[in-house]
Amino acid sequence: MAAYIWVVVACLSTLKCLLIPSYRSTDFEVHRNWLAITHSLPISKWYFEDTSEWTLDYPPFFAWFEYLLSQIAVLFDPEMLKVNNLGYASSATILFQRLSVIVTDLVLAYAVKEFCLTLPKPREDGVRGWSQPGFTLSILLVANFGLLIIDHIHFQYNGFLFGLMLLSITRICQDRTLEGAFWFAVLLNFKHIYIYVAPAYFVYLLRTYCFTASNKNGGVKWTSFSPVRFLCLGVLVISVCALSFGPFIAMDQLPQVLSRLFPFKRGLCHAYWAPNFWALYNVADKALTVVGVKTGVVSGDVLKHKASMTAGLVQEFEHTVLPSVPPIATFALTGLTMLPSLLHLWRYPGGPKGFIRSITLCAFSSFIFGWHVHEKAVLLMIVPLSLLAVQSFKDAQVFLLLSTVGHFSLFPLLFTPAETPIKVCLMIAYTSFCFVSMDSCYRPINYTFSLPHLPLLNPIDTMYIVGLVPLYVYCDIIHPILGLSQTLAFLPLLLMSVYCSVGVIYSWLRLYWTTLKRGGTKVEHSKQE
Amino acid sequence: MDNKGTLTFLIVVAAVSIRWCVSLNPYSGAGKPPMFGDYEAQRHWMEMTYHLPVKEWYHNTSTNDLQYWGLDYPPLTAYHSWLCGYVADKVNPDWVALQRSRGHESEGHKLFMRYTVLVADLLVYIPAVIAFFLWTVKDRSNIQLLAFAAVTLLYPGLVLIDYGHFQYNCISLGFTLWAVVAMATNHELLGSVAFVLALNYKQMELYHAVPFFCYLLGRCLWSKDEIRLWKLAKIGVFVIGTFALCWLPFLHDIDHIQQVIHRIFPFARGLFEDKVSNIWCSLNVIIKLKNLLSQPLLIRLSLASTLICLAPSAVNLLLNPSIQKLKYALVNSSLVFFLFSYQVHEKSILIAALPVCLLIHEQPFVCTWFLLISVFSMLPLLIKDGLILATIPLMVLFYTGSKVSQSSWVTPPTSDQRGQSASFRNFAFWCSILGVIALTACSLVIQSPQRFPDLWPVLVSIYSCGHFILFLISFNYLQFTSEDIGQTSAIEGAVQSKLGGRDGHQGVGNKTKKGGKRKQKTNKVD
């Protein structure tokens, strides 16, 4: 059964190899610099080194990961391991770094394979493997458009990290809870952004692992608390963290390490506004400013800030009409919006699916309301949602919306003309595969509308998704032709952020709504889709 | 997932993605003045055809230095260059400025050139492949057909040469493919026009000319209709008419025509160039024919050997003009030309690879093997162009795709799989591939010794040449035995439906009757 996943992996790996000569962002240099730092400096200097502006700002396990890679990198080109060789990119360096991403991606392939084994046995009526959920899922994840362009063109190691996350989820689905917790702790020490989904882990593990029984109405049975299990979990997580941060605590460097990991100097929004609530907030502020100046309510002086605000290059800017947002407010909002989903998870754990849904909702909250969110973080929702998409119709609907919009919002990452056909083709291929495979998965379910529509979506959703096409055509073709690239340089990015943020927030609300409704009526337990 | 339209769309998008990935790689002669490579040749032709009047295109003039990548392809290439030159001039006149733009290299221009190939490919070759499998192959499920189409579109040789090295093979090969599609759907006139277009785009399409000629002649001769001559005349008129249209600007002057022909067939350039995996280059290791014999003698030698080896397949096709045999004869003819004819380039193996792709659903094993070796035979060129990093993944992808298209996912297992011989041929296949891997690794890693600077390229050509000779023999064998299918189906009606797909568009019953009649006639002739 699992043979097809290796075929998929083989084909995708060749595609990734073909992308070796493509455009590389500064992240390539970031990781080369980290290779150099970990290879040529003692541990005590790792988090102090600042020759390059791209200082080491991932947790210690990632530093060790780079250290291991650098041991192989020596065989390719020792020059890349010199801290002072800024911007070094010989062909051997490129080959090595690209291959390191491709090879470590196998972790993701393994995790997907393991997860597919937990899926219900394939239907017997279909002779071919094509329409089985396992096959669909393996393509959805292994060939994920976002991972392809972020890891193999832009350059990062997300495939590997998401592999760890999937592995941890899979182990928990398989009732190997301690292993799952272990992998999640390891993951956190590779890249701390995953802390956003930690609340879901915490609540779920506490509820289903530390409390061993439920009441008849599904609520927690308080007397079933198992201190041993709680202790096991705690010791496990703490020892992983100790392994990672211990040496730095021993060297009394913890504050320095933490200041590198959590740089609050950065602004509310990343250079290109991630499609979240703050993108809408910024636009509202801008619109109000313009209206205010026109009507004379706001003094014209504020417009002097316009350039800095709109170019999108300056990371910090003051809002002119609406109140400026301090980091604490974003945290409060994130926490508040997570809370209902966590409470719901506590009340109706709903098995592995409920857990994955809760992870997705946590990721949503942090993406929509978080501080300095990168557009790339949208994968944090898309990847777990893919797991649900092959199992439940309602989740598949949200998945189609979110993956299309979320992946589209990654387009500005690749702005070089040579890569444009690749990003467009891969996006079209991946999105059409999503729609076609979901359609064949859920064909028996009746969801017809009188108006023309895309598979699984209602006419309004369809219009929204189809609207991405003219939006793209305007931003990439018409806008430059009109000669507005100089005077209104920010407009395409702004349009994209705003348009996509509407879709992302809508998907979030919809997933939230179906989740809360689902648990309340206990559909989860009675009916397996 | 069974929707034909959606699947076709997905396959085309995937094919375009792969092609564009390859186009990110360097082109031939990038950053290598003074002559650069084929990329500069194509650019130079755009510059020249756009700025000079038609009558100067093939002549050495003060503004047209034929020594510097003079136009040496037939008129259709020239018109295509003019069209591209026109667009280039509108986008950025510096790209094709007369004289001043020599050796022009920039990111923007590279992008433009890559787009011109993609457009040509999307217009000619890709639809031809899809049409061939969907229209002419019967009795297979859509998924199977499209899987084979996808494998054909993934054939690394064409992608690497067109999108990496830089040429427009997709146009000439695409027209040839359209010719086959038209013949298979009984549109012989359209087919001959398409083939004449191919011939007028690239003279190397002559490699395919004999089978098309024999097929059409055979069809006319053994036609049931009483008006055979009329049919022949119609085809003749269409062929000559298309030729005349293509050559229209040059027709006013016989000298002019001679000059074009002289440019197109450069006999002065010698028996072979660089390292080609053909007989002459391989023999060169033992006997230096180039030094022993005079040039006219060499030309006669190569012509004679080509004709002798071509004869069996051509006569066989002439006597039994079926689509099935046409496809095999196309393989055999182009392979014979590649192995024996005069002035062969390593890239010409693509001309043989095209008809092999058309047999991939019938002889998947041999065809996959041949196609892999054909890419390998261009290894020295691919290394020189810096394309090796794209070649290896493409080969793996192609092999995987071919395996998947034969696997039980796509093709329901059939009973006629011969166990013992299968294991033997698998053994032979993997030995051969092992050799390919070893030679590739050596070429990449080990510096050739001082005494033999061309050691690895020569070994690669000899190794591939040996394979090609064996392939030539087996494809000849397959062509001759492919007749048996017809006979069997004539006897066993039950088998008919199974085998119908192999006979292209013709209905099985029809085919059998015709075949029977033809055989009688053949006997009489004999």
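Here the structure is a predicted model, which means the values were calculated and not measured.

Chemist: Help me understand the overall build of chain A in this model?
Modeler: Regarding its fold elements, chain A presents 24 helices and zero strands. Here chain A holds 529 residues, and 57% of them are scored as buried. Across chain A, every contact between residues at least 6 apart in sequence was considered, and the portion connecting residues at least 24 apart equals 75%. For chain A, the accessible surface area stands at approximately 21600 Å², while carbon and sulfur atoms represent 69% of it.

Chemist: Just checking my understanding: could you explain the interface of chain B and chain A for this structure?
Modeler: Between chain B and chain A, the residue contacts involve 27 residues of the former and 29 residues of the latter. At the surface where chain B touches chain A, the tally comes to zero salt bridges. Between chain B and chain A we count one residue pair in polar contact (both at pLDDT 80 or more) in total. Within the residue set of the side of chain B that touches chain A, elements represented by two or more residues are α1 (4-23), α4 (107-136) and α19 (388-406) of chain B. Among the elements that take part in the side of chain B that touches chain A, α1 of chain B stands out by supplying ten residues, more than any other. Residue composition of the side of chain B that touches chain A, grouped by class: 22 nonpolar, four polar and one charged.

Chemist: Whenever I open this one, unusual backbone geometry confuses me. Can you help?
Modeler: Most of the time, phi is negative for any residue but glycine, and the peptide bond is trans. Residues and elements named next belong to chain B. Here the amide bond leading from Pro33 into Pro34 is cis, since omega sits at 5°, within 30 degrees of zero. Assignment of secondary structure puts Pro34 in the loop between α1 and α2 (38-51). Unlike most non-glycine residues, Trp69 shows phi in positive territory, near 50°. Residue placement: Trp69 occurs in the loop between α2 and α3 (75-91). Look at Asn186: it is not a glycine, yet its phi comes out positive at around 65°.

Chemist: Before we go on, may I ask you to explain the packing of helix α20 (residues 420-441) of chain A against α1 of chain B in this structure?
Modeler: Helix packing for two helices is described by the angle between their axes and how far apart those axes are. Relative to each other, α20 of chain A and α1 of chain B sit at 155°, their axes nearing to 9 Å. Of the possible angle classes, the one that applies to α20 of chain A and α1 of chain B is roughly antiparallel. Crossing angle aside, the handedness with which α20 of chain A passes α1 of chain B is left-handed. Residue-level inspection shows Pro421, Ile422, Cys425, Leu426, Ile428, Ala429, Ser432, Phe433 and Val436 of chain A of α20 of chain A in contact with α1 of chain B, the latter providing Thr6, Phe9, Leu10, Val13, Val16, Ser17, Trp20 and Cys21 of chain B. For the contact of α20 of chain A with α1 of chain B, the class distribution of residues is 14 nonpolar, three polar and no charged.

Chemist: Whenever I open this one, the environment of Tyr281 of chain A confuses me. Can you help?
Modeler: All names here are of chain A. Residue position: Tyr281 is located in helix α14 (residues 277-295). Spatially, the C-alpha atom of Tyr281 lies 9.4 Å from that of His319, the residues being 38 residues apart in sequence. Ignoring anything within four residues of it in the chain, the contact list for Tyr281 reads His319, Leu322, Pro323 and Val325.

Chemist: Help me understand the side chain of Lys110 of chain B, please; the structure alone is not making it clear to me.
Modeler: Within the secondary structure, Lys110 of chain B is located in helix α4. At 3.2 Å, the side chain of Lys110 of chain B and the backbone oxygen of Asn25 of chain B are in polar contact.

Chemist: What exactly am I supposed to notice about the confidence of the model for chain A here?
Modeler: Caution applies to low-pLDDT parts of the model: their predicted coordinates are not meant to be read in detail. Residue and element names in this part refer to chain A. Per-residue confidence for chain A gives a mean pLDDT of 86; residues scoring 70 or more make up 89%. Here residues 306-315 scores under 50 on pLDDT; set against residues more than four positions off or in separate chains, the count is 16 contacts. Across residues 521-529 the pLDDT falls below 50, and counting only partners more than four positions away or on other chains, this stretch makes 13 contacts in the model.

Chemist: Help me understand α2 of chain B, please; the structure alone is not making it clear to me.
Modeler: For the α-helix, the turn length of 3.6 residues means that residues three or four positions removed from each other point alike. All names here are of chain B. The terminal C-alpha atoms of α2, which comprises 14 residues, lie 20 Å apart, in line with the 20 Å expected from a rise of 1.5 Å per residue. Most of α2 sits inside the fold, with twelve of its 14 residues counted as buried. Listed in full, the buried residues belonging to α2 are Asp38, Tyr39, Glu40, Ala41, Gln42, Arg43, His44, Trp45, Met46, Glu47, Met48 and Thr49. In this structure, the buried residues of α2 make contact with α3, α4 and α6 (156-166).

Chemist: Please explain the nonpolar core as it appears in this structure.
Modeler: Taken as a class, soluble globular proteins show a tendency for nonpolar side chains to be buried jointly. Residues Phe370 and Phe475 of chain B are the most contacted members of the largest nonpolar core, which totals 322 residues. The element contributing the most residues to this core is α4 of chain B, with 16 residues. Those residues in contact with Phe475 of chain B that sit more than four places away from it in its chain are Tyr328, Val331, Asn332, Val356, Leu359, Val366, Cys367 and Phe370 of chain B. Ranked by size, the runner-up nonpolar core spans ten residues in total, among them Leu268, Ala279, Tyr281 and Phe490 of chain A.

The rules behind these values
Residues numbered from 1 in each chain as written. Chains lettered and ligands numbered in written order. Predicted model: local features only at pLDDT ≥ 70, side-chain atom pairs only at ≥ 80, totals over all residues. Heavy atoms only, no water. Helix = DSSP H or I, 4+ residues; strand = E, 2+ residues; numbered from the N terminus. Buried < 20%, exposed > 50% of the residue type's maximum accessible area, 1.4 Å probe, protein only. Contact = heavy atoms within 4.5 Å. Areas by Shrake-Rupley, 256 points an atom, 1.4 Å probe, with all protein chains shown as cover. Salt bridge = Lys/Arg side-chain N within 4 Å of Asp/Glu carboxyl O. Polar contact = N/O pair within 3.5 Å; in protein donor to acceptor, adjacent residues only side chain to side chain. Nonpolar A, V, L, I, M, F, W, Y, C, P; charged D, E, K, R; others polar. Axes fitted to C-alpha atoms, helices over the stretch in contact; angles between N-to-C directions. Parallel < 35°, antiparallel > 145°, perpendicular 65-115°, else oblique. Left-handed = near helix turned anticlockwise from the far one by under 90°. pLDDT = per-residue confidence, 0-100. Expected span 1.5 Å × (residues − 1). Core = buried A, V, L, I, M, F, W, Y, C linked by side-chain atoms within 4.5 Å.

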